[in-house]
Structure formats: structure tokens, C-alpha cells
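Residues per chain, in single letters:
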Amino acid sequence: MDSEGENTVHLNSPVGATDADVRRTASSSAVQQTLFLIHSDDPTLKVQAAKEIRRLTKTSQRYRRHFSNAVKPLVDMLRSASFESKEAALLALLNLAVKDEGNKINIIDAGALEPIISFLQSENATLQDHATASLLTLSASPATKPIISASGVFPLLVEIIRHGSSQAKADAVMALSNLSTYQDNLLLILRAQPIPSTVSLLKSCKKSSKTTERCTALIESLMCYEEGRNSLISEDGGVLAVVEVLESGSAQSREHAVGALLTMCQSDRSKYREPILREGVIPGLLELTVQGTAKSRTKAQTLLRLLRDTPYPRSELEPDTLENIVSNLISQIDCEEQSGKAKEMLAEMVQVSMEQSLRHLQQRALVCTPADLSVPSCVSKITSK
């Protein structure tokens, strides 16, 4: 900045004011001016103010707090006949709600839900997309979930998953996933028949994506009900889509996927065992027993036991070890390619287990006397083969 500019700033500032003081004063002035405009009766000025609020609150939690008084006039703008007013207000409210529980509650209390839900049915794709994103953000708050759930929004969100834009589909399934954690919502969601469209979305998105994680989380929750399980089984490629996530999804997605399959098998093993085995689940389960999260490993081992020929422990002559369970399963697989892959995974699993056990022995050797050391039976058995 040139010297004239610097002199102008200091001449207009209180004596002794620092640069930080000057910035705070300018920021406060901008907030007050914008709040004045958003409360005006001029539609053009209100749109201008809404756009400024959206800009300032995009990344600033401080500005979100400062503009909490703008919520009511912004909600009123959602009922305007002007598309520009609706869009500007909706985007400003969306930014105000991000990571701010107080603003989320204020937006709902100000009556925003009714116009936002109406936008889900709009023929204008832009409004539909913004409304879906807004519901996603608002549904993240425990305080707003009961109100959103009572609004009858579930069929509309399922319709968005079925026919919306790519981003709207992802936002809608995430909103449903958020709302599914509220008491009694699962039955209401099931009535909207979300599984066909959710499976279709699951097939089309990247297995490592956040959308896949939310899809599998929702499916896992819905597997608690027979209606949900039957819907997944009857959907073409439904179980396979879950198995593919189990094989190549993110750690959290794989945990949800194995959880969904385990819930199915635990609910009715005789009904769901064959459909699950038919989709080649064994290699993915084997990998999870070694490389999954703690929950995934436990669930994968439990599911492997349920999928074998008999779910009950064998005699003492053939102990109920993971290796015996998997060997029994492999012998039942008709497809040569699947059987071969499963055998390779089993060999790799045993090798990794052996290496982990040996590393554990080496660590113990650093702190224990020779008399304290004992070779685990699983390692001696493996190394003797």
C-alpha cells in the first residue's frame, strides 16, 4: 500500500488503534450494513445482502455467529416468487447452518422446512439440488431430526436418489443415513422403499467414496427388518453390490458391508446363506479377518462360521479354528475361480498371521527371559507344515 493509503487508514482510525483493531471495526461495519440490507423492503438489496452473507459465511464460523439475526428474513425470502431471491436465500442459509447447531435450530424454527421440502419437488434442478444439500446439513443435528422426520420427507429423498442429479443423489442418501439414526425412523424409511435406488447408486459410485460409506451404512441399518432383507435379496445384484464394497471399499464401508451380511445371516441362516455364498464373499471375508478394523475382523470371523456347512462347533478332533472353517467353505464352492482365489487368500492370511506372531515373539524377547518365552501353538503348527 502507498503512503497516502496508509495515512488515510490511520487518520480515520482511533488514536493508538492497531491494524487488527481496524480490521475488526471494518468487519463489524460490514456485518451491520449487510444486516440492514437484508431487513430492508427492497428485493434487490435483499438479494445483494443474501449473496454477501453467503460469501462471508462460506468458511468463517465467526461470521456464521454474527449473521444469526439474518435467519428470519432469509427464510422469508424462500417464499418469494423470484427464483433469484429463493436461490440467494437458500445458499446463504446453507452456509449459515454448516457446523453451527444454533443456526440449524433457528432455521427450522423460522419455518424454513416447508419451502425447502417444496423445492425437492421443483422442476428447477438447481433449486432441487440446493434444497437437498440444505436438508443434508440440517439433518446432521440431533435437535432437528425429529422435526425433519415428521415432515414426510422420506419419499421425496428416495425420489431424489432415484432421479436427481449425481450430487443430489449423494446428498439425499447421506441425509437419509443421518435421519436413520433417529428412533423409529427406519420403519418410516423402509415404507419409502429406498433399497432399489440405494443399490443402484451404490453400483455407480466409487467404492472408496463417502457416498458408498453412507449407502452401506443405510443398508446395514435396514437389514434389521425382514422387509429390508427381502428387498435387498430381490433387487438384481443387490447382495453382490454389498459384497463388492466388502472387497474394495474404505475401511468404514467394509465394516458396514460385512455388518449388513452378518445381520442377514444371523436373522435367518437357512434363507440367506446360499445367496451370500453365491456372490463369492469368501475372499473378501478372509482379507477382512487380517486387514479389517477390529469390528470388521470380529464380524468377518462370525460370518465365516455361519456360512460353513454347519454353524455349530465341530468335535475335538477337528477344532473350530478359522482355518478349518474356511477350508470347509472352500470345499463347498462350485466355481473353480472363486475356490482358487479363496485358497490363495487363506494361504496369505495364514502367512500374515504367522508373521505377526513372530514379530510379537521378537518383541517379547526384548523384555522377557528365555524361560518366559513360549512358542504359540498356531505358529509351531504352521511352521511344521
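Residues numbered from 1 in each chain as written. Predicted model: local features only at pLDDT ≥ 70, side-chain atom pairs only at ≥ 80, totals over all residues. Heavy atoms only, no water.

The name given to the chain in an unreviewed UniProt entry is U-box domain-containing protein, with Datura stramonium as the source organism.

Student: I'd like a description of the overall build of the chain, backed by residues and values.
Tutor: Check the secondary structure of the chain and you find 24 helices and zero strands. Residue pairs at least 24 apart in sequence account for 65% of intrachain contacts in the chain once pairs closer than 6 positions are excluded. About 19,700 Å² of surface is accessible on the chain, with carbon and sulfur atoms providing 51% of the total. (Helix = DSSP H or I, 4+ residues; strand = E, 2+ residues; numbered from the N terminus. Contact = heavy atoms within 4.5 Å. Areas by Shrake-Rupley, 256 points an atom, 1.4 Å probe, with all protein chains shown as cover.)

Student: An account of the packing of helix 11 (residues 154–163) against helix 14 (residues 195–204) is needed here, citing residue identities and associated values.
Tutor: Orientation of helix 11 relative to helix 14, taken along the N-to-C sense of each, is 35 degrees, at an axis distance of 9 Å. In this structure, helix 11 crosses over helix 14, and the sense of that crossing is left-handed. Where helix 11 abuts helix 14, its residues Val-158, Ile-161 and Arg-162 lie against Ser-197, Thr-198 and Leu-201. In terms of residue class, the contact of helix 11 with helix 14 is made up of three nonpolar, two polar and one charged. (Axes fitted to C-alpha atoms, helices over the stretch in contact; angles between N-to-C directions. Left-handed = near helix turned anticlockwise from the far one by under 90°. Nonpolar A, V, L, I, M, F, W, Y, C, P; charged D, E, K, R; others polar.)

Student: Residues and numbers for the packing of aromatic side chains, please.
Tutor: Counted by the stated rule, this structure contains one aromatic pair. For Arg-62, the ring lying beneath its charged end belongs to Tyr-63, and the centroid distance is 4.9 Å. (Phe/Tyr/Trp six-rings, centres within 6.5 Å; stacked < 30°, edge-to-face > 60°. Lys NZ or Arg CZ within 6 Å of the ring centre and 35° of its normal.)

Student: Which residues make up the packing of helix 12 (residues 166–179) against helix 15 (residues 210–222), and what are the values?
Tutor: For the pair helix 12 and helix 15, interaxial distance at closest approach is 9 Å and the crossing angle is 40 degrees. The orientation of helix 12 relative to helix 15 falls into the category oblique. At the point where helix 12 passes helix 15, the crossing takes the left-handed sense. Where helix 12 approaches helix 15, its residues Ala-170, Val-173, Met-174, Leu-176, Ser-177 and Asn-178 are matched on the opposing element by Lys-210, Thr-211, Arg-214, Cys-215, Ala-217 and Leu-218. Considered class by class, the residues forming the contact of helix 12 with helix 15 number seven nonpolar, three polar and two charged. (Parallel < 35°, antiparallel > 145°, perpendicular 65-115°, else oblique.)

Student: Residue-level account of the confidence of the model for the chain, with values.
Tutor: Summarising the model, the chain shows a mean pLDDT of 83, and 73% of its residues fall at 70 or more. Throughout residues 1–15 the model reports pLDDT below 50, and contacts reaching past four residues in sequence, or to other chains, amount to four contacts. Long-range and interchain partners of residues 367–385, a stretch whose pLDDT sits below 50, account for 15 contacts in this model, where long-range means more than four residues apart. (pLDDT = per-residue confidence, 0-100.)

Student: Give me unusual backbone geometry: which residues, what numbers.
Tutor: The phi angle at Lys-99 is positive, at roughly 55 degrees, despite the residue not being glycine. In this structure, Lys-99 sits in the loop between helix 6 (83–97) and helix 7 (101–109). Phi is positive for Gln-193, which is not a glycine, with a value near 55 degrees. Here Gln-193 shows up in the loop between helix 13 (185–191) and helix 14.

Student: How would you sum up the environment of Gly-102? Please name residues and give values.
Tutor: When you line up the elements, Gly-102 lands in helix 7. According to the relative accessible area criterion, Gly-102 is partly exposed, its value standing at 36%. Sequence separation between Gly-102 and Ala-143 is 41 residues; the distance between their C-alpha atoms is 9.7 Å. (Buried < 20%, exposed > 50% of the residue type's maximum accessible area, 1.4 Å probe, protein only.)

Student: Quick one: what's the story with the environment of Ala-192, residue by residue and with numbers?
Tutor: Its place among the elements puts Ala-192 in the loop between helix 13 and helix 14. Between the C-alpha atom of Ala-192 and that of Val-153, which follows or precedes it by 39 residues, the distance is 9.6 Å. Contacts of Ala-192, omitting those with residues within four sequence positions, involve Phe-154, Pro-155 and Val-158.

Student: Break down the side chain of Ser-85 for me, citing the residues and quoting the values.
Tutor: Its place among the elements puts Ser-85 in helix 6. Other than its neighbours up to four places away in sequence, Ser-85 contacts Val-47, Met-77 and Ser-80.

Student: Explain the side chain of Lys-145 to me, using residue names and the numbers behind them.
Tutor: Secondary-structure assignment places Lys-145 in helix 10 (residues 145–149). Buried charged residue Lys-145 carries no salt bridge. Nearest counter-charge: Glu-101, at 8.9 Å. Lys-145 has contacts with Ser-139, Ala-140, Asn-178, Leu-179, Thr-181 and Tyr-182, leaving out every residue within four places of it along the chain. (Lys, Arg positive; Asp, Glu negative; His and termini not counted. Salt bridge = Lys/Arg side-chain N within 4 Å of Asp/Glu carboxyl O.)

Student: With reference to specific residues and values, describe the environment of Asp-129.
Tutor: Summarising the element assignment, Asp-129 is placed in helix 9 (residues 125–138). By relative accessible area, Asp-129 is classed as partly exposed at 24%. For the pair Asp-129 and Lys-169, spaced 40 residues apart in sequence, the C-alpha separation works out to 8.9 Å. Discounting residues that sit within four places of it in the chain, Asp-129 has contacts with Ser-165 and Ala-168.

Student: Give me the pattern of salt bridges: which residues, what numbers.
Tutor: Summed over the entire model, instances satisfying the criterion amount to nine salt bridges. Residue Lys-299 is joined to Glu-220 by a salt bridge in which the shortest nitrogen-to-oxygen separation is 3.5 Å. Taken together, the residues Lys-299 in helix 21 (residues 294–307) and Glu-220 in helix 15 connect sequence positions 79 residues apart. Here Lys-299 falls in the partly exposed class, since its relative accessible area comes to 21%. Residue classification places Glu-220 among the buried residues on the basis of a relative accessible area of 17%.

Student: I'd like a description of helix 19 (residues 269–278), backed by residues and values.
Tutor: All buried positions along helix 19 are accounted for by Tyr-272, Arg-273, Pro-275, Ile-276 and Leu-277. Phi for Gly-280, located one or two positions after helix 19, is positive at around 70 degrees.

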